[in-house]
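Spelled out, the chains give:
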Amino acid sequence: MLEPLGAATARAELDVPATLHAPLFRSCIESIDESRRIVVLDLGAAQTRTIELFGGFRCRMEIVDIADSVEALNAEREPAALGSLVESLLPKAGGEPLDLVLCWDLLNYFARPALTAVMAGIAKRTRRGALAHGLIVYLESRMPARPGCYVPLEDYRLVNLNRGARGDRAAPRYSPEDLKRCMPDFSIERGRLLANGMQEFLFRR
Amino acid sequence: MFKKEEMPRSQGSLSRNAAEPDSAPESRSDTSGSREGAIIGRSIHITGDLLGEEDLRIEGDVSGTIQLKNNSLTIGKEGKIKADIYAKAITVDGLTEGDIYGAERVTIRKNARVLGNITAPRVSLEDGARFKGSIEMDPQAVEAALGKPQTAAKPMPAPGMGTAPLASKPAVVSNVKS
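The model shown is predicted, which means the values in this text are computed figures rather than measured ones.

Undergrad: Would you take a moment to explain the overall build of chain B for this structure?
TA: Across its full length, chain B carries 1 helix and 13 strands. Listed by position from the N terminus, the elements making up chain B come as β-β-β-β-β-β-β-β-β-β-β-β-β-α. The proportion of buried residues among the 178 residues of chain B is 42%. The contacts of chain B with a sequence gap of at least 6 include a subset with a gap of at least 24, amounting to 18%. For chain B, the accessible surface area stands at approximately 9,300 Å², while carbon and sulfur atoms represent 48% of it.

Here you go:
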């Protein structure tokens, strides 16, 4: 029995991970000097393909898998306690400075105070001139309830392995001005509206 | 990076569940003649420094340090380790908390939960594994760290560090809607 085309398409969208052309991610990777050591902070969960990609460089990866702590960060209203929580989640301060920060779509899930605190904590750990890459929900008013699970392909397109996850929530739709206010230690190096309605950003420390 | 509990260093102190004597560390050879190595069963709890010169599989609890510099170590699904680990090849399928040094490779299986830093020339992580910590993949830093595993907890910075390795480009904001 044939099923309605719409239903088949909807199920296919749930089954097949979405690939995303992310030209700024690509340019970011292509700008890495292969002869130089880099330190990369991945705010997301450890992923095979991400490790394989950066394994091609002289790289140290710091993986903090912060998604599970988003709600705790958003719930903390006391600035000092919020700062302490951020410190406990990020790599120890004073270590080798970061050159690149992979934020994926996690920035959308932080309330403004948490976003400000997290990025301030990251700024303390980054080298001046370091880059941060992020995907901001812009056109849509809703977004998935949980952060995506993005991994890079060989051609630097990104795949969200969590596509089709249940539930959704309101998207903060952070504007560039919002981001500048919440991330005063970073400037917007480049921004680009992607086909899926997200804005891809490269921030420079 | 992560807080570690104080680890006793009494070498060789071994506690075992008397109700399960068959789970004691043992060395095995199968009938085909291939060498399987020793196994620490799941009822075994070891606190201290574990050193060896044969392949080892751990299904029990070990706290302290584990050194099998010329051999392979497998942390099985039941294994729970709070230790810094040094081995030629390391496969983790259980829980580990501590730094992991693999002279050849480190493999993190999908069921693994790893908290700590990994230093190895080749690191593979199966999707589904949970990992928090750092992975040192810079060959020079790996070589420096594994050359002196007891003292090189922090890999040496590579020469020439101090300036940004990511090319600085003019700030261009395109297609940004505000």
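Undergrad: Would you explain the sheet that holds strand β7 (residues 150-152) of chain A in this entry?
TA: In a beta sheet, neighbouring strands are held together by backbone hydrogen bonds and run either parallel or antiparallel to one another. Residues and elements named next belong to chain A. The strand order across the open sheet formed by 3 strands is β1-β8-β7, and the pairing between neighbours is antiparallel. Two strands lie at the open edges of the sheet, namely β1 (18-20) and β7, each paired on one side alone. When the angles between neighbouring strand axes are averaged without regard to direction, this sheet yields 30 degrees. When β1 meets strand β8 (residues 158-160), the two strands line up antiparallel, connected through 3 bridges. By the bridge assignment for β8, Leu-20 is matched with Leu-158.

Undergrad: Mind showing me how you'd approach the pairing of strand β2 (residues 38-42) of chain A here?
TA: Regular strands show a simple pattern: their side chains alternate between the two faces of the sheet. Residues and elements named next belong to chain A. The buried fraction of β2 is high, at 5 of 5 residues. Taking every second residue as pointing to the same face, both faces of β2 are buried, with Ile-38, Val-40 and Asp-42 on one and Val-39 and Leu-41 on the other. Across 5 bridges, the pairing between β2 and strand β3 (residues 59-63) is parallel. By the bridge assignment, Ile-38 is partnered in β3 with Cys-59. Note on the crossover from β2 through helix α3 (residues 48-54) to β3: the handedness is right-handed. Both β2 and strand β4 (residues 98-104) contribute to a ladder of 3 bridges, which runs parallel. Across the sheet, Val-40 pairs through a bridge with Leu-100, a residue of β4.

Reading the values: rules and limits
Residues numbered from 1 in each chain as written. Chains lettered and ligands numbered in written order. Predicted model: local features only at pLDDT ≥ 70, side-chain atom pairs only at ≥ 80, totals over all residues. Heavy atoms only, no water. Helix = DSSP H or I, 4+ residues; strand = E, 2+ residues; numbered from the N terminus. Buried < 20%, exposed > 50% of the residue type's maximum accessible area, 1.4 Å probe, protein only. Contact = heavy atoms within 4.5 Å. Areas by Shrake-Rupley, 256 points an atom, 1.4 Å probe, with all protein chains shown as cover. Pairing = 2+ DSSP bridges. Axes fitted to C-alpha atoms, helices over the stretch in contact; angles between N-to-C directions. Right-handed = clockwise from strand over helix to strand, strands pointing away.

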